[in-house]
Amino acid sequence: MGGGYSRKPGARSKIKKYKKKTWLCRRAKDTDQIQDEIEKAASTGVPANKFEYDDELPGGGQFFCVETGKHFADAKALADHKKSRYYKRRCKELKEEKYTQEAAELAGGMTKEKLPPAHGGRKKGA
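Quick caveat: nothing in here was measured; it's all calculated off a predicted structure. (Residues numbered from 1 in each chain as written. Predicted model: local features only at pLDDT ≥ 70, side-chain atom pairs only at ≥ 80, totals over all residues. Heavy atoms only, no water.)

**Some words on the overall build of the chain**
Point 1. Looking only at helices and strands, the chain has five helices and two strands in total.
Point 2. Across the chain, helices and strands are ordered from the amino to the carboxyl terminus as α-α-β-β-α-α-α.
Point 3. Burial statistics for the chain: of 126 residues in total, 13% are counted as buried.
Point 4. When contacts within the chain are restricted to residue pairs at least 6 apart in sequence, long-range pairs at least 24 apart make up 30% of them. (Helix = DSSP H or I, 4+ residues; strand = E, 2+ residues; numbered from the N terminus. Buried < 20%, exposed > 50% of the residue type's maximum accessible area, 1.4 Å probe, protein only. Contact = heavy atoms within 4.5 Å.)

Given below as structure tokens:
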């Protein structure tokens with residue numbers, strides 16, 4: 001009799017801690033991180049998509065997409081992924097210039113240029 005307590009499907013979706021945990025584990029790499037990896041691979045001459053065989057990764061870690069930072073089970077899955085909209089959008093994002101601290105400061109109004117005085121340097125007594 002009675003199977004005990006059972007939850008409705010999707011009951012955990014409203015729990016804040018659960019949402020944060022699941023979002024973080026599925027989160028993709030940022031474009032800045034991927035751009036750094038590509039630059040590092042170009043400077044060292046070692047391809048960024050080469051991994052040693054690892055049983056825990058899909059496909060043993062042999063089928064990796066550098067642009068999206070994802071592992072695939074086989075070559076066909078990787079080829080299909082490279083035709084996808086997600087891959088093409090990510091490639092377009094990676095072609096843009098990297099966001100730097102200088103750009104952030106300029107956007108925030110923290111410029112380094114010297115501005116003339118607001119009132120022309122007038123004296124009070126004149």
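**Some remarks on the pattern of salt bridges**
Point 1. Scanning all chains against the criterion turns up five salt bridges.
Point 2. The salt bridge involving K29 is made with E37; its shortest N-O contact spans 2.5 Å.
Point 3. Take K29: its relative accessible area is 30%, and that puts it in the partly exposed class.
Point 4. For E37, a relative accessible area of 28% corresponds to the partly exposed category.
Point 5. Ionic contacts of the salt-bridge type, sharing partners, join the residues D36, E39 and K98 into one network. (Salt bridge = Lys/Arg side-chain N within 4 Å of Asp/Glu carboxyl O.)

**A few points about helix α4 (residues 85–95)**
Point 1. Buried within α4 are the following residues: Y87, R90, C91 and L94. The arc that holds the buried residues of α4, viewed along the axis, is 100°, so those residues lie on one side. Facing away from the buried side of α4, by more than 90 degrees, are the exposed residues R85, K88, R89 and K92.
Point 2. Here the buried face of α4 lies against α2 (31–44), β1 (63–65) and α3 (75–81). (Arc of directions from axis to C-beta.)

**Section: the side chain of Q35**
Point 1. The topology assignment puts Q35 in helix α2.
Point 2. The buried category is assigned to Q35, whose relative accessible area is 8%.
Point 3. Looking at Q35, its side chain comes within polar contact range of the main-chain oxygen of E96, at 3.2 Å.
Point 4. Not counting chain neighbours up to four residues away, the residues in contact with Q35 comprise E93, L94, E96 and K98. (Polar contact = N/O pair within 3.5 Å; in protein donor to acceptor, adjacent residues only side chain to side chain.)

**Description of the environment of K50**
Point 1. Position of K50 relative to the elements: it lies in the loop between α2 and β1.
Point 2. A relative accessible area of 62% means that K50 is categorised as exposed.
Point 3. Taking the C-alpha atoms as reference points, K50 and C65, separated by 15 residues in sequence, lie 9.9 Å from one another.

**A look at the packing of α2 against α4**
Point 1. Interhelical geometry of α2 versus α4 gives an angle of 75° and a closest axis separation of 10 Å. When the axis of α2 is compared with that of α4, the two are roughly perpendicular. Across the interface between the two elements, T31, I34, Q35 and I38 of α2 pack against R90, E93 and L94 of α4.
Point 2. Residue composition of the contact of α2 with α4, by class: three nonpolar, two polar and two charged. (Axes fitted to C-alpha atoms, helices over the stretch in contact; angles between N-to-C directions. Parallel < 35°, antiparallel > 145°, perpendicular 65-115°, else oblique. Nonpolar A, V, L, I, M, F, W, Y, C, P; charged D, E, K, R; others polar.)

**So, the side chain of H81**
Point 1. Mapped onto the fold, H81 is located in helix α3.
Point 2. What H81 contacts, discounting residues up to four positions off in sequence, is C65, T68, F72, Y86 and Y87.

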